[in-house]
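Inside the fold
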Amino acid sequence: MGLDPGLALRFDETGTPLYARLDLRIGGCLTPRLALGADWRMDLLVTGENAAWPKRHEIGPVLTFFLVKGWFFRTFAHIAGFDPFFCTVGVQSGYEFSMGKFSAVGLVFGGDVDIPFTGEPPTGYSVSAALYLTAYDLGTRRGREF
């Protein structure tokens, strides 16, 4: 289980409001270098931009590859809205520092784009930075400190 609190800038036709972002991730390691899970992302509006959505919730799968030592690359696809239906796809990269068998902390930076299923171009994108905390069994990732 992981938790990523952080900040995100969202860019669309309404401007660039600042969001507080929180990801709750549940998953597990498939191999010492590959983890699969599911995210529930919540964006809470911090600035007073009236045209922006005050809250956003997304849910979907996430795949994390550990490249060298604690450096990782993550990709995800979330269902983000139903009227109209759209998804958010993105990538992140960061570094994770182990704190024992069951916990780690690190930093992650990334970006994502909102893709509507109406044939229109992407409706917006965001860039983000987050503190990465994890508390699932890291014992299956033995040997990741290459």
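Above this text is the structure in question.
One structure accompanies this document, and this report is about it. Because the structure is a prediction, the values reported are computed rather than measured.

1. As for unusual backbone geometry
Across the chain, the bulk of peptide bonds are trans and the bulk of non-glycine residues have phi less than zero. Positive phi outside glycine occurs at Lys69, with the angle close to 50°. If you trace the backbone, Lys69 turns up in the loop between strand 4 (55–68) and strand 5 (71–82).

2. Focus on the pattern of salt bridges
Pairing between side chains of opposite charge can happen when their charged atoms approach one another. Taken as a whole and judged by the stated rule, the model has ten salt bridges. Its salt-bridge partner being Arg21, residue Asp112 comes within 3.4 Å of it at the nearest N-O pair. Residue Asp112 is found in strand 7 (residues 104–116), and its partner Arg21 is found in strand 2 (residues 18–31); the two are separated by 91 residues along the sequence. Asp112 sits in the buried class, given a relative accessible area of 6%. A salt bridge links Asp39 to Arg25, with the nearest nitrogen and oxygen atoms 2.8 Å apart. Of the two residues, Asp39 sits in strand 3 (residues 34–45) while Arg25 sits in strand 2, which places them 14 residues apart along the sequence. In terms of burial, Asp39 and Arg25 fall into one category: buried. The network of salt bridges with common partners includes Asp4, Arg21, Asp23, Arg25, Asp39, Arg41, Asp43, Glu58, Arg74 and Asp112.

3. Quick word on the sheet that holds strand 8 (residues 124–134)
Within the closed barrel, the eight strands sit side by side as 1-2-3-4-5-6-7-8. Their pairing is antiparallel. The average undirected angle you get between the axes of adjacent strands in this sheet is 25°. Two strands pair when backbone bridges link them, and strand 7 and strand 8 are joined in this way by eleven bridges, in the antiparallel orientation. Its bridge partner lying in strand 8, Phe109 is registered against Ala129.

The rules behind these values
- Residues numbered from 1 in each chain as written.
- Predicted model: local features only at pLDDT ≥ 70, side-chain atom pairs only at ≥ 80, totals over all residues.
- Heavy atoms only, no water.
- Helix = DSSP H or I, 4+ residues; strand = E, 2+ residues; numbered from the N terminus.
- Salt bridge = Lys/Arg side-chain N within 4 Å of Asp/Glu carboxyl O.
- Buried < 20%, exposed > 50% of the residue type's maximum accessible area, 1.4 Å probe, protein only.
- Pairing = 2+ DSSP bridges.
- Axes fitted to C-alpha atoms, helices over the stretch in contact; angles between N-to-C directions.

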